[in-house]
Amino acid sequence: MRQARILILALLFFDCLLGARAMARPGPILQQMGDVTTPSPDFLRNRIIPILLISLGVGITGMWTADIVLGKFSDRGGFFNWREGENMLWPHISAELLMAIGLIMGGAGLYGGKGWGLFLSLAALGALTYSSVNSSGWVIADKKRLPYGVPMWISLGVAILSLFFLIS
């Protein structure tokens, strides 16, 4: 049964990656220059930020997938019984995986110059900002979680900078 769960998680993860790859077809923003129309992608908004968003989404998905596959919760009664203090952890992990999918798809949409990519990216970056700030409480409460905190704070910085450049 455990192998089936691992297989399902792996298939979902790779399905997300393949979907993001399919959506990332080139679609650069066109710039009108006299009589000539030349492709001119905004390098920051259509290349750097999307690659960062996709990387963050893959990293978050990989971190939680590794924790699940390695059975980090197995001594706590199983995945759906896993608790941190009084809180069940599976809703938190589900929300973070949805956020990661949003980052991957939003980044792919920005990379492809799709209009919906901006909206999805802004929503996913908002979720990332909230998640990074909210989850910092766990790190502050228990210094042994610092290895989780550093990537969260880097992600928070990337989210704030990306939001600034995408909104401006």
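Structure's up top.
These figures come from a predicted structure and were not determined experimentally.

### Quick look at the nonpolar core
Here is step 1: Ile60, Trp82, Ile93, Leu103, Leu125 and Leu128 are the most contacted members of the largest nonpolar core, which has 22 residues in total.
Here is step 2: Breaking this core down by element, the ones donating at least two residues are helix 2 (43–69), helix 3 (90–111), helix 4 (115–141) and helix 5 (146–167).
Here is step 3: Looking at this core, the element that brings in the most residues is helix 2, giving six residues.
Here is step 4: With residues near it in sequence (within four places) discarded, Ile60 still touches Glu96, Met99, Ala100, Leu103 and Leu128.

### Looking at the packing of helix 2 against helix 4
Here is step 1: Packing of helix 2 against helix 4 leaves a shortest axis separation of 12 Å and a crossing angle of 45 degrees. As the angle between them shows, helix 2 and helix 4 are arranged oblique. The chirality of how helix 2 crosses helix 4 is left-handed. Across the interface between the two elements, Arg45, Leu53, Leu56 and Ile60 of helix 2 pack against Leu118, Ser121, Leu125 and Leu128 of helix 4.
Here is step 2: Of the residues assigned to the contact of helix 2 with helix 4, the class counts are six nonpolar, one polar and one charged.

### Notes on helix 5
Here is step 1: Across its 22 residues, helix 5 extends 31 Å between first and last C-alpha, which sits within 8% of the 32 Å expected from 1.5 Å per residue.
Here is step 2: Residues of helix 5 that are buried include every one of Gly149, Met152, Ser155, Leu156, Val158, Ala159, Ser162, Leu163 and Leu166, and no others.
Here is step 3: Structurally, helix 5 contributes buried residues whose contacts are with helix 2, helix 3 and helix 4.

### Some thoughts on the environment of Ser155
Here is step 1: Considering the arrangement of structural elements, one finds Ser155 in helix 5.
Here is step 2: Its relative accessible area of 9% is what places Ser155 among the buried residues.
Here is step 3: Between the C-alpha atoms of Ser155 and Ser132, which are 23 residues apart in sequence, the distance is 7.2 Å.
Here is step 4: Not counting residues up to four positions away in its chain, the partners in contact with Ser155 are Leu56, Leu128 and Ser132.

### Quick word on the side chain of Ser121
Here is step 1: Positionally, Ser121 belongs in helix 4.
Here is step 2: The buried category is assigned to Ser121, whose relative accessible area is 1%.
Here is step 3: Those residues in contact with Ser121, other than ones at most four positions away along the chain, are Leu53, Gly106, Gly107, Leu110 and Leu166.

### With respect to the packing of aromatic side chains
Here is step 1: Counting across every chain of the model gives three aromatic pairs.
Here is step 2: When the centroid spacing of 5.2 Å and the interplanar angle of 75 degrees are considered together, the rings of Phe164 and Phe165 count as edge-to-face.
Here is step 3: For Phe164, a relative accessible area of 52% puts it in the exposed group.

### Things to note about helix 4
Here is step 1: If you check helix 4, its first and last C-alpha atoms are 41 Å apart, about what 27 residues at 1.5 Å a residue would give, namely 39 Å.
Here is step 2: Among the residues making up helix 4, those that are buried are Gly117, Ser121, Ala124, Leu125, Leu128, Ser131, Ser132, Ser135, Ser136 and Val139.
Here is step 3: Structurally, helix 4 contributes buried residues whose contacts are with helix 2, helix 3 and helix 5.

### Focus on a nonpolar patch on the surface
Here is step 1: A surface patch of nonpolar side chains, amounting to about 650 Å² of accessible area, comprises Phe43, Leu44, Ile48, Leu52, Leu161, Phe164 and Phe165.
Here is step 2: When contributions to the nonpolar patch are tallied by element, the ones reaching two or more residues are helix 2 and helix 5.
Here is step 3: The dominant element in the nonpolar patch, judged by the number of residues it contributes, is helix 2, at four residues.
Here is step 4: Structurally, the position occupied by Leu44 is in helix 2.

Conventions we followed
- Residues numbered from 1 in each chain as written.
- Predicted model: local features only at pLDDT ≥ 70, side-chain atom pairs only at ≥ 80, totals over all residues.
- Heavy atoms only, no water.
- Core = buried A, V, L, I, M, F, W, Y, C linked by side-chain atoms within 4.5 Å.
- Buried < 20%, exposed > 50% of the residue type's maximum accessible area, 1.4 Å probe, protein only.
- Helix = DSSP H or I, 4+ residues; strand = E, 2+ residues; numbered from the N terminus.
- Contact = heavy atoms within 4.5 Å.
- Axes fitted to C-alpha atoms, helices over the stretch in contact; angles between N-to-C directions.
- Parallel < 35°, antiparallel > 145°, perpendicular 65-115°, else oblique.
- Left-handed = near helix turned anticlockwise from the far one by under 90°.
- Nonpolar A, V, L, I, M, F, W, Y, C, P; charged D, E, K, R; others polar.
- Expected span 1.5 Å × (residues − 1).
- Phe/Tyr/Trp six-rings, centres within 6.5 Å; stacked < 30°, edge-to-face > 60°.
- Patch = residues over 30% accessible without salt bridge, like charges linked within 9 Å, V, L, I, M, F, W, Y side chains within 5 Å.
- Areas by Shrake-Rupley, 256 points an atom, 1.4 Å probe, with all protein chains shown as cover.
- Salt bridge = Lys/Arg side-chain N within 4 Å of Asp/Glu carboxyl O.

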